[in-house]
Amino acid sequence: MCNLKQNCFAIDDCGLDVCGVYSSCNDNDNPICKCLPGFQPISEKEWDSGKWDAGCLPSTPSGCRNDDGFVQLKRMRVRNNPIFTSANSSDECKAYCLRDCACVACTYGLNSRSDCAVFYGELKGVQELEEGEGLHQKNSPISTPVDLHVRVAAASLENITGGKRCSNCGANIIPYPLSTGPNCGDPAYRGFSCNDTVGQLRFRALDGASYAVTSINAEKLTFVIQPERICWPNEAKSRDLQLNSTQPFQITRKNTILLLSCSDSPSLSSLRCTSAEVCKRYMSGDDALCFASRSCCSYTAGRLPLTSHSISISGPNCSAYTSFVNANLSQLKDQWVEGVEISWKASLEPVCDSSADCRSWPNSRCSTTPSGQKRCICNANFQWDPFQLMCTGGDH
């Protein structure tokens, strides 16, 4: 496994079935593999351990139904060889795919405005390309990035886009209540933005700084952002990470934080500094070129005062920081996953303006809460389950 700082997966390597079938690879993310929207790991245990080559399978098999739909993934490439047919529009191309039970994906306008490319068999070698990235994948029949429409069952499509959930951003499913705009998610969880052109999801911190979101775990109510760090010869620089304490986000205790290139400061006395083994291992080898000072301190986020909403380098007089999620310090440092894990509080009932807004939330009605806000309140004998995101209970 690799971390982002090393960038040890070149663009070519993402096409060598590193991530298995029905998954996408992005060498700027960590982990680099994720299941496509509407799919789940064949083996959760192996996937979580970084063994992705078995790939993913549909969360709900399509069964070749007329109500199957598509999720759109921007700027993608795929190793499968497509079959070409003619179509007058993207919708016509998707309709052609739906008529064939064996069709798993399609894209329109690949080589000309009338080209409809349809894909068969398990999708392999799918890669997300960010803006400015070229195409160097070996044995790839596609020479340009495409907007790929992946076929999924209606039930999976509802889980991805239903209710007031925000549309997926690239290959990232954005679960409710997270919000990328005023018309989706819960306004209290507004803090995300999606660049639809390249399918890149970002999270905004308190000072307006924007961080790439590398993964989202809807079951654990967590997401991971990529720490900001600029490395010049003998100088590593980053700025404080500050979350808005009035929002329902906080830095989890699963992060091992390293403060880098530190000067002597009284505020460092409560931290594990230079002698810490984790610092020594991180700053060894090629990494040493980034640091003018060998002084480094480490701590676990959330276990020190004021660290649930911030990572400060200015107070301890350090020049940069990095973070590792669930770091097993007995492993080689190349296996540590670089990132900052942030959790969100379980949501209240969905906000609403009228009864029509509650149609996607069965057994609820749009009512005014004691705080004066309108929400889809569960009917009598039902109660809101913030994990299943539905009203549960009732008479059975």
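It should be emphasised that the depicted structure is a prediction, and the values quoted were computed from it without experimental measurement. (Residues numbered from 1 in each chain as written. Predicted model: local features only at pLDDT ≥ 70, side-chain atom pairs only at ≥ 80, totals over all residues. Heavy atoms only, no water.)

Undergrad: Would you take a moment to explain helix α2 (residues 90–98) for this structure?
TA: Note: α-helices contain 3.6 residues per turn, so residues at a spacing of three or four share the same orientation. Within α2 the residues assigned to the buried category are Cys93, Lys94 and Cys97. Each buried residue of α2 sits inside an arc of 95° when the element is viewed along its axis, so together they form one side. Tucked inside the fold, the buried residues of α2 contact β5 (69–77), β7 (103–108), β8 (115–120) and β10 (146–152). (Buried < 20%, exposed > 50% of the residue type's maximum accessible area, 1.4 Å probe, protein only. Helix = DSSP H or I, 4+ residues; strand = E, 2+ residues; numbered from the N terminus. Arc of directions from axis to C-beta. Contact = heavy atoms within 4.5 Å.)

Undergrad: In this structure, what is going on with unusual backbone geometry? I would like to understand it.
TA: Phi is mostly negative for residues that are not glycine, and the peptide bonds are mostly trans. Cis geometry marks the peptide bond from tyrosine 176 to proline 177; its omega dihedral reads 20°. Positionally, proline 177 belongs in the loop between α3 (154–161) and β11 (192–195). With a phi angle near 60°, leucine 221 is a residue other than glycine that sits in the positive phi range. Structurally, leucine 221 is set in the loop between β13 (210–217) and β14 (222–225). A relative accessible area of 12% places leucine 221 in the buried class.

Undergrad: What is the right way to read the sheet that holds strand β23 (residues 337–338) from this model?
TA: Within a beta sheet, neighbouring strands are joined by backbone hydrogen bonds and run either parallel or antiparallel to one another. The antiparallel open sheet is built from 4 strands, whose spatial order is β20-β19-β22-β23. Here the strands that pair on one side only, and so sit at the sheet edges, are β20 (296–300) and β23. In this structure, strand β19 (residues 255–260) lies alongside β20, joined through 5 bridges in antiparallel fashion. Following the sheet pairing, isoleucine 257 is matched in β20 by tyrosine 299. (Pairing = 2+ DSSP bridges.)

Undergrad: What should I look at first to understand empty space enclosed by the protein in this one?
TA: Over the atoms, a rolled probe matching the size of one water molecule traces out where space is still vacant. Scanning the model with the defined rule gives 2 cavities of 30 Å³ or more in all. By volume, the second largest cavity is sized at about 40 Å³. Forming the boundary of the second largest cavity are Cys14, Asp17, Cys19, Gly20, Ser23, Ser24, Cys25, Lys124, Gly125 and Val126. Partitioning the lining of the second largest cavity into residue classes produces 4 nonpolar, 4 polar and 2 charged. (1 Å grid on protein atoms, 1.4 Å probe; cavity = no way out; pocket = protein on both sides within 12 Å on 5 of 7 lines; lining within 4 Å. Points joined across faces, edges and corners; volume = space filled by probe spheres on them. Nonpolar A, V, L, I, M, F, W, Y, C, P; charged D, E, K, R; others polar.)

Undergrad: Help me understand the packing of aromatic side chains, please; the structure alone is not making it clear to me.
TA: By convention here, two paired aromatic rings are described through the distance between centres and the angle between planes. Summed over the entire model, instances satisfying the criterion amount to 10 aromatic pairs. Residues tyrosine 189 and phenylalanine 249 carry aromatic rings whose centres are separated by 6.1 Å and whose planes lie at 85° to one another, so their mutual orientation is edge-to-face. Here phenylalanine 249 lies in strand β18 (residues 249–251) and tyrosine 189 lies in the loop between α3 and β11, a separation of 60 residues in the sequence. A single burial state applies to tyrosine 189 and to phenylalanine 249, both of which are buried. Between phenylalanine 223 and phenylalanine 249, the aromatic rings sit 5.9 Å apart at their centres with planes inclined by 85°, giving edge-to-face as the arrangement. Of this pair, phenylalanine 223 sits in strand β14 while phenylalanine 249 is found in strand β18, placing the two residues 26 residues apart along the sequence. What makes phenylalanine 223 buried here is its relative accessible area of 0%. (Phe/Tyr/Trp six-rings, centres within 6.5 Å; stacked < 30°, edge-to-face > 60°.)

Undergrad: So what exactly am I meant to see when it comes to the state of the cysteines here?
TA: What is meant by a disulfide is a covalent connection between two cysteines, made through their sulfur atoms. Taken as a whole, this structure holds 8 disulfides when the rule is applied. Across a sulfur-sulfur distance of 2.0 Å, cysteine 97 and cysteine 103 are joined as a disulfide pair. Residues cysteine 97 and cysteine 103 share a disulfide whose torsion about the S-S bond is about -105°; that sign makes it left-handed. Residues cysteine 97 and cysteine 103 agree in their burial class; the two are buried. The thiol sulfur of cysteine 106 is not disulfide-bonded, and the nearest other cysteine sulfur, from cysteine 93, lies at 4.0 Å. (Disulfide = S-S within 2.5 Å.)

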